[in-house]
Amino acid sequence: MDIDFKNIWKQQTSSKPNLEELLGKLKKFRTQNLRKLILANIALITTSFVIIFIWYRYQPQMISTKIGLVLVVLAMIIFLLAYNKMFMVFYKIDETQSNNEYLESLYVVKSKQKFMHTTMLNIYFIMLFIGIIFYMYEYASKMSLFSSVIAYAAVFLWIGFNWFYLRPRTIKKQQVKLDELINKFEEINNQLKEL
């Protein structure tokens, strides 16, 4: 059942939640996510080109270094391909939709975000981690044992910090914003069913 909430809301005389405020939050959510998507594309594509330039400029000798570079670039490409599928979902959310269409769009976003947060981030981090380890081997083998241990420890710490602290925080923050929007639209939907 497709209900035009804007017209019903305008006709209602009792106290009502601010639908315009909710639509504003939805628009802000959409804009923020489109911006994040564009920035992620710029950052990862630029990083990939820098990595390719480093490969071209410094000509690594060992196959492990080349494998590492390929894995890192491949991780970024795979992540972006999956992440960019969300573009059309965010792009299609606009002010002409009904409440049910907003809810459906938000459910799709939630489903795709769950896939990104679980499967794709795991693949990305694993490939990135293995790629960096392989890449560093050539250079670490030319260092003293102490220096190479420090270099690898720094990489492990940085990836661990991202995996165990930043990743869960970012995921939770995104889920809270999305769940809040979904709950408010569901609440409005339920109120209108009672009318």
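Figured I'd write up the structure that's included with this text. (Residues numbered from 1 in each chain as written. Predicted model: local features only at pLDDT ≥ 70, side-chain atom pairs only at ≥ 80, totals over all residues. Heavy atoms only, no water.)

Some details on the overall build of the protein
Our working rule: Strands here mean DSSP runs of E at least two residues long; helices mean DSSP runs of H or I at least four residues long; both are numbered from the N terminus. Throughout this description, buried means an accessible area under 20% of the type-specific maximum (1.4 Å probe, protein chains only), exposed means over 50%, and partly exposed covers the range between. A contact between two residues is defined here by any heavy atoms of the two lying within 4.5 Å. Shrake-Rupley sampling with a 1.4 Å probe provides the accessible areas, and residues are treated as covered by the protein chains on show and by no other component.
What the protein contains, in helices and strands, is six helices and zero strands. Order of helices (α) and strands (β) in the protein, N terminus to C terminus: α-α-α-α-α-α. In the protein, which comprises 195 residues, the share counted as buried stands at 36%. Restricting to contacts in the protein with at least 6 residues of sequence separation, those with at least 24 account for 79%. As displayed, the protein offers around 12,400 Å² of accessible surface, 66% of which is attributable to carbon and sulfur atoms.

Describing helix H2 (residues 19-58)
Side chains that are three or four residues apart share a direction in an α-helix, a result of its 3.6 residues per turn. We count it as follows: Multiplying 1.5 Å by the residue count of a helix minus one yields the expected span of that helix.
For H2, with 40 residues, the first-to-last C-alpha span of 58 Å sits near the 58 Å given by 1.5 Å per residue. Count one or two residues on from H2 and you reach Gln59, which has phi positive near 40°.

Quick word on the packing of helix H3 (residues 63-83) against helix H5 (residues 99-140)
So the rule is basically this: Only C-alpha atoms enter the line fits that serve as axes; for helices the fit covers just the stretch in contact. Angles between N-to-C directions range over 0 to 180 degrees. Angles are sorted into four bins: roughly parallel if under 35 degrees, roughly antiparallel if over 145, roughly perpendicular if 65 to 115, and oblique for all others. Should the near helix be turned anticlockwise from the far one by less than a right angle, the crossing is termed left-handed; should it be turned clockwise, right-handed. Gly counts as polar in this scheme, as do all residues outside two lists: the nonpolar Ala, Val, Leu, Ile, Met, Phe, Trp, Tyr, Cys and Pro, and the charged Asp, Glu, Lys and Arg.
Relative orientation of the contacting elements H3 and H5 amounts to 160°, with a least axis distance of 7 Å. It follows that H3 is roughly antiparallel to H5 by the angle criterion. Crossing of H3 over H5 shows left-handed handedness. For the contact of H3 with H5, a count of residues per class yields 24 nonpolar, four polar and one charged.

Quick word on the pattern of salt bridges
Formally: When a carboxyl oxygen of Asp or Glu lies within 4 Å of a side-chain nitrogen of Lys or Arg, that pair is called a salt bridge.
The final tally for this structure, using the stated rule, is four salt bridges. Here Lys110 makes a salt bridge to Asp179, at a shortest N to O gap of 2.4 Å. One end of the pair, Lys110, is in helix H5; the other, Asp179, is in helix H6 (residues 145-194), and 69 residues separate them in sequence. In this structure, Lys142 and Glu138 form a salt bridge, with 3.9 Å as the shortest nitrogen-oxygen distance. Using a relative accessible area of 3% as the deciding quantity, one classes Glu138 as buried.

A few points about the side chain of Ser48
For the record, the criterion: Under the rule applied, a polar contact is a pair of N or O atoms within 3.5 Å (in protein, one hydrogen donor and one hydrogen acceptor; residues adjacent in sequence only if both atoms are side-chain atoms).
For Ser48, the position within the fold is in helix H2. Looking at Ser48, its side chain comes within polar contact range of the main-chain oxygen of Leu44, at 2.9 Å. The contact partners of Ser48, leaving out residues within four places of it in the chain, are Val73 and Met76.

A short note on the packing of aromatic side chains
Put simply, the rule reads: Aromatic rings from Phe, Tyr and Trp, taking only the six-membered ring of Trp, are treated as a pair when their centres fall within 6.5 Å; an angle between ring planes under 30 degrees marks them as stacked, one over 60 as edge-to-face, and anything in between as tilted.
Evaluation of the coordinates by the stated rule reveals 12 aromatic pairs. Each ring, one from Tyr102 and one from Phe185, has its centre 5.1 Å from the other, and the planes form 45°; the classification is tilted. With a gap of 83 residues between them, Tyr102 in helix H5 and Phe185 in helix H6 connect regions that are remote in the sequence. Like Tyr102, the residue Phe185 is buried in the burial classification. Judged by centre distance (6.3 Å) and plane angle (35°), the rings of Tyr152 and Phe156 are tilted. On the criterion of helical spacing, the pair formed by Tyr152 and Phe156 is a turn pair, its members being four residues apart in helix H6. With relative accessibility at 43%, the residue Phe156 sits in the partly exposed group.

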